[in-house]
Amino acid sequence: MADVMTPKERIEAVIGLEQPDRVPVAPMPIYFNAHVNGISSKEFLRNMVRQVEVTERTFERMGGWDAWYFAPGGTNWKTLKIRFPLQILTPGDGLPDDAPLPQLDEKEVMAVGDYDVVINDGYDAWYAAYLRRLYPDENLDVIFTQYAPAASKALAAFHRKWEVERKVPLLYGVSIFQPVEIFSFARSFYQFALDLARRPEKVTQACDAALEPVLQRAINGCKNMGLTALWVGGWRTGATFISPRQFERFVLPGLKKIVNELVANDLTPVLHFDANWTPFLRFLRELPPKKCILATDQETDLFEAKKVLGDHMCLLGNVHPHTLALGTVDDVVAECRRLIDIVGAGGGFILSSGCEVPFNARPENVQAMVDTAKTYGVYQK
Amino acid sequence: MSKELYEAIVSLEELAALKCVREEFDSGKDPLSILEECRQALEIVGQRFDAGEYFLSELILGAQIFKEAMEVISPALEDGKNEGASLGKVVIGTVKGDIHDLGKNLVAAMLKAAGFEVYDLGVDVARERFVEMVREVRPQVVGMSALLTIAFNEMRDTVMAIEAAGLRDSVKIMVGGGPVNEAVKGYVGADAVGRNASQAVELVKMFVGGK
């Protein structure tokens, strides 16, 4: 059956929990794009023209998909340094030239006393000083004045070409790190876990102080580039890391403020929530209905999410990285069909990889995921 | 058994637990007996974590309380008996190409607290280093950790290197880390997969007990 909706219409339908013509598919290949096109991850992160070229080539070769869960052009070895609140090592810059992926080097760089600096001096002043501590030998001014604007320009151009002209929307481009996530990275999770018990008030006050600047920067970034959706990251605030009681106290109030404000600005929050969120799904009912996408990796039970949130928000995910890297095409098809049958029932679902398509995924497996959505995922009228 | 100390650790009351440890220590109680009480309490914390009643941040707090309690009593422990009699030896590390260590560190801390001698090789550990340590310290168990799927091949190659060195029959190999599951265990040729730190301790106990 031929597609009868554009990818953008399909994605808009599932965000509104309607049933489109078929299940949309939006995998997230990043370094996989470099690998299957024969360039190194180092080049992928240093040559933005090539990054866009190989990513688009993967898209075309696989017959296309419905949304860019990773969009190329803005992710380079310099901008990654100001995007993540902990030290990132990239191929040729902290890692061997032939390393396939960047890695985050988690260390306790933020001191206990820094909570007071955030509270008293403001988040922006603290973060600027923190980045200098994180990268003492890096010329950060050059990143802010040259690399970052170039990245924004490239993403804006990619958005125009794909979302505006070809109707394939971007779910990627700007990421909000919730303040509580920023501090958990900056303190290192071990120390942060102790902070939650030893100095809960400080953590809360610092999160409150950081919320507005973080939020406004993200909203401005989206407006400048014309983006209509952005990531709200949940890397360290799921049940793999903290308790439900801690989630309710330290995370949920800020998350609600962020999501409500984004929605008020006509932006779609893509809740990019890694690790296990299953015990916290019920809390997400407090977010506005039919406005968000909950995007999980394989650790969250998406079948349970359908039961808890199926009438509340669109779900995206979560083919296991192991299946994509080590499984057979039959394994991938079986896993996708199960997701389509159950999580996709009645709409409100985007088939995707559980977080990133592994660098070493078998191309035929990724192709099988895309094809299964387009054939098996057709909704019967 | 001091009910107060046990309760304080099990309920993760850091200050109360350390106050109890100091009081017991100052009153002249046998430090090995205090150590045993702390160990038993931390085991309950681990069980609660495994049962989904406690979460990682709480397991970390439990491990930290244990560590601080040891700092109080360790000066009084005789040399060579620092943490009581060793139940067995474990060599552990994050395999080459991967620098994630949160889970690996916690497994090492919980194993130490349970009474095992732990040789933590750190992160980005070459297979030759694992082989060298297995040959040198003759552990009963080797633990390999990885968060990245690209590290699966390195895990497999490390198992093969241990085998090629003629040491495979002398050790049990367990693997763990974010995406590591039963299928990965089979792929790399390990003996067991640990879903979390508490389970890793149980696996090691089983392996050592079964020897």
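Residues numbered from 1 in each chain as written. Chains lettered and ligands numbered in written order. Predicted model: local features only at pLDDT ≥ 70, side-chain atom pairs only at ≥ 80, totals over all residues. Heavy atoms only, no water.

Topic: the packing of aromatic side chains
The geometry of an aromatic ring pair is captured by two quantities: the separation of the ring centres and the angle between the planes.
Residue and element names in this part refer to chain A.
(1) Moving on: Taken as a whole, this structure holds 30 aromatic pairs over all chains when the rule is applied.
(2) Moving on: Aromatic side chains W68 and F158 sit 4.9 Å apart centroid to centroid with 75 degrees between the ring planes, which places their arrangement in the edge-to-face category. Remark: F158 occurs in helix α8 (residues 140–165) and W68 occurs in the loop between α4 (48–61) and α5 (79–83); sequence separation between them is 90 residues. When sorted by exposure, W68 lands in the same class as F158, which is buried.
(3) Moving on: The interplanar angle of 70 degrees and the centroid separation of 5.7 Å between the aromatic rings of Y115 and F183 together place this pair among those described as edge-to-face. Residue Y115 is located in helix α6 (residues 114–121), and its partner F183 is located in helix α9 (residues 179–187); the two are separated by 68 residues in the primary sequence. Each of the two residues, Y115 as well as F183, counts as buried.
(4) Moving on: Members of the aromatic cluster, each reached through a chain of ring pairs, are Y31, F44, Y69, F70, Y172 and W231. (Phe/Tyr/Trp six-rings, centres within 6.5 Å; stacked < 30°, edge-to-face > 60°. Helix = DSSP H or I, 4+ residues; strand = E, 2+ residues; numbered from the N terminus. Buried < 20%, exposed > 50% of the residue type's maximum accessible area, 1.4 Å probe, protein only.)

Some remarks on the pattern of salt bridges
Residues and elements named next belong to chain A.
(1) Moving on: Taken as a whole and assessed by the stated rule, the structure comprises 44 salt bridges over all chains.
(2) Moving on: With a closest N to O distance of 3.1 Å, E53 and R57 form a salt bridge. Of this pair, E53 and R57 are both found in helix α4, four residues apart, which corresponds to roughly one turn of the helix.
(3) Moving on: Overall, E53 belongs to the partly exposed group, its relative accessible area being 33%. (Salt bridge = Lys/Arg side-chain N within 4 Å of Asp/Glu carboxyl O.)

Some remarks on the domain arrangement of chain B
Note: interface size is frequently given as the accessible area lost on complex formation between the parts.
Residue and element names in this part refer to chain B.
(1) Moving on: One can read the domain layout of chain B as domain 1 (3–76) and domain 2 (89–209).
(2) Moving on: Computed from C-alpha atoms alone, the centre-to-centre distance between domain 1 and domain 2 is 26 Å.
(3) Moving on: Counting residues at the interface gives 12 residues for domain 1 and 13 residues for domain 2.
(4) Moving on: Between domain 1 and domain 2, a total of about 950 Å² is buried, with carbon and sulfur atoms accounting for 68% of that surface.
(5) Moving on: Of all residues in domain 1, the largest losses of buried area upon contact with domain 2 belong to R39, D50 and L59, amounting jointly to 41% of the total for that side.
(6) Moving on: Between domain 1 and domain 2 we count two salt bridges in total.
(7) Moving on: The closest approach of N and O atoms between K205 and E43, which form a salt bridge, is 3.5 Å.
(8) Moving on: The interface formed by domain 1 and domain 2 contains four residue pairs in polar contact (both at pLDDT 80 or more).
(9) Moving on: Within the residue set of the side of domain 1 that touches domain 2, elements represented by two or more residues are α3 (31–50) and α4 (56–73). (Domains from an automatic or database assignment. Contact = heavy atoms within 4.5 Å. Buried area = accessible area lost by both parts, 1.4 Å probe. Polar contact = N/O pair within 3.5 Å; in protein donor to acceptor, adjacent residues only side chain to side chain.)

Examining α3 of chain B
Residues and elements named next belong to chain B.
(1) Moving on: Taking 1.5 Å per residue, 20 residues should reach 28 Å; α3 reaches 28 Å between its end C-alpha atoms and fits that length.
(2) Moving on: Restricting attention to buried positions, one finds in α3 the residues P31, I34, L35, E37, C38, R39, A41, L42, V45, G46 and F49.
(3) Moving on: Considering only its buried residues, α3 is in contact with α1 (3–10), α2 (14–26), α4, α5 (102–113) and α9 (197–209).
(4) Moving on: The N-capping residue of α3, defined by a side-chain oxygen 3.0 Å from the backbone nitrogen of L32, is D30. (Expected span 1.5 Å × (residues − 1).)

Brief notes about the interface of chain B and chain A
(1) Moving on: At the interface, 25 residues of chain B touch 29 residues of chain A.
(2) Moving on: A per-residue breakdown of the area chain B buries against chain A is headed by F55, I99 and I150 of chain B, which together make up 26% of the total.
(3) Moving on: The tally of links between chain B and chain A comes to two salt bridges.
(4) Moving on: E68 of chain B is the salt-bridge partner of R198 of chain A, the closest N and O atoms lying 2.8 Å from each other.
(5) Moving on: Counting the contacts that link chain B with chain A gives seven residue pairs in polar contact (both at pLDDT 80 or more).
(6) Moving on: Listing elements by their share of the side of chain B that touches chain A, those giving two or more residues are α4 and α8 (182–188) of chain B.
(7) Moving on: Among the elements that take part in the side of chain B that touches chain A, α4 of chain B stands out by supplying eight residues, more than any other.
(8) Moving on: Among the residues making up the side of chain B that touches chain A, the classes are represented as 14 nonpolar, seven polar and four charged. (Nonpolar A, V, L, I, M, F, W, Y, C, P; charged D, E, K, R; others polar.)

Things to note about the nonpolar core
Burial of nonpolar side chains together is a common tendency in soluble globular proteins.
(1) Moving on: By size, the foremost hydrophobic cluster in this structure holds 188 residues, and its most contacted members are W126, F183 and L351 of chain A.
(2) Moving on: Here this core gathers at least three residues from each of two domains, domain 1 (3–76) and domain 2 (89–209) of chain B.
(3) Moving on: If we skip the residues at most four places from it in the chain, F183 of chain A touches M110, Y115, V118, W126, F192, A206, C207 and A210 of chain A.
(4) Moving on: Membership of the second largest hydrophobic core comes to 29 residues, among which are L121, M144, A146 and I173 of chain B. (Core = buried A, V, L, I, M, F, W, Y, C linked by side-chain atoms within 4.5 Å.)

A closer look at helix α10 (residues 189–198) of chain A
(1) Moving on: Burial in α10 of chain A covers these residues: F189, F192, A193, L194, D195 and L196 of chain A.
(2) Moving on: Where α10 of chain A is buried, its residues touch α6, α9, α11 (200–225) and α12 (244–264) of chain A together with α4 and α5 of chain B.

Quick word on the environment of R135 of chain B
Residues and elements named next belong to chain B.
(1) Moving on: Turning to its location among the elements, R135 is positioned in helix α6 (residues 127–137).
(2) Moving on: Residue R135 is classed as partly exposed on the basis of its relative accessible area, which comes to 45%.
(3) Moving on: For the pair R135 and S74, spaced 61 residues apart in sequence, the C-alpha separation works out to 30 Å.

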